[in-house]
Amino acid sequence: MISRKIRLMHPDDFTAILALQSDCYPTALIESAHALQQKQQLAPHSSWVITLNEQVSGYLFCHPWLGEKPPALNCQLKQLPETTDRFYIHDLAISPRARGNKLAEQLIHHAIEWAIHANFSQIMLVAVLGADHFWRKHQFSPLATSLPAAYGENAVCMLRQL
């Protein structure tokens, strides 16, 4: 029987997180360990890993945010905005070896439930590498906003109302 568990991210997860990131993204979209650790430290209650048979097989970095301009990629956030109006999904990655087990869907559902309980009315993200088709299946719609070039030319800012 397959064992799955979503839990809060811990500092000792970063070796596995960085390996997953490398397996899932081209070099241009890889974020430094320091940038990712900073995001987790700023929002420790909304960054999760999912384990499959006790192995970290996916992660989801999220944090509160303000406005339609997403944070820059691979930059350290010194602090989160004092006032926020949305929940921001910064990064989702699932190990290629663990795909087909609905891990992404479980993480997304978990994040949506968390955002609802935290009284957010919308969730925003930037879909890269053609992932906008995936996010549309989860009721996200394109949002017309300019994006930093680091996200890539086909990146799409997306929004879901809760």
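The text that follows walks through the structure, step by step, so that each part is easy to find. This structure is a prediction, so every number in the text was calculated from the model and none was measured. (Residues numbered from 1 in each chain as written. Predicted model: local features only at pLDDT ≥ 70, side-chain atom pairs only at ≥ 80, totals over all residues. Heavy atoms only, no water.)

## Details of the pairing of strand 2 (residues 47–52)
- Of all six residues in strand 2, six are buried, a share of seventy percent or more.
- Alternating positions in strand 2 separate into two faces, S47, V49 and T51 on one and W48, I50 and L52 on the other, with burial throughout.
- Direction of pairing for strand 1 (residues 4–8) relative to strand 2: antiparallel, over a ladder of five bridges. Residue pairing across strands places R4 opposite L52, the latter belonging to strand 2. (Buried < 20%, exposed > 50% of the residue type's maximum accessible area, 1.4 Å probe, protein only. Helix = DSSP H or I, 4+ residues; strand = E, 2+ residues; numbered from the N terminus. Pairing = 2+ DSSP bridges.)

## Some details on the pattern of salt bridges
- Applying the stated rule across the entire model yields five salt bridges.
- With a shortest N-O distance of 2.9 Å, D85 and R86 are connected by a salt bridge.
- Taking the shortest distance from any N to any O, the salt bridge between R136 and D132 comes out at 3.6 Å. Placement of the pair is R136 and D132 together in helix 4 (residues 132–136), with a separation of four residues, close to one helical turn.
- R136 sits in the partly exposed class, given a relative accessible area of 41%.
- Note on D132: relative accessible area 11%, which makes it buried. (Salt bridge = Lys/Arg side-chain N within 4 Å of Asp/Glu carboxyl O.)

## Focus: unusual backbone geometry
- Its identity as a non-glycine residue notwithstanding, L129 has a phi of 55°, on the positive side.
- Here Q139, not a glycine, exhibits a phi torsion of approximately 70°, which is positive.
- Following the sequence through the fold, Q139 ends up in the loop between helix 4 and strand 6 (141–142).
- The class for Q139 is exposed, based on a relative accessible area of 56%.

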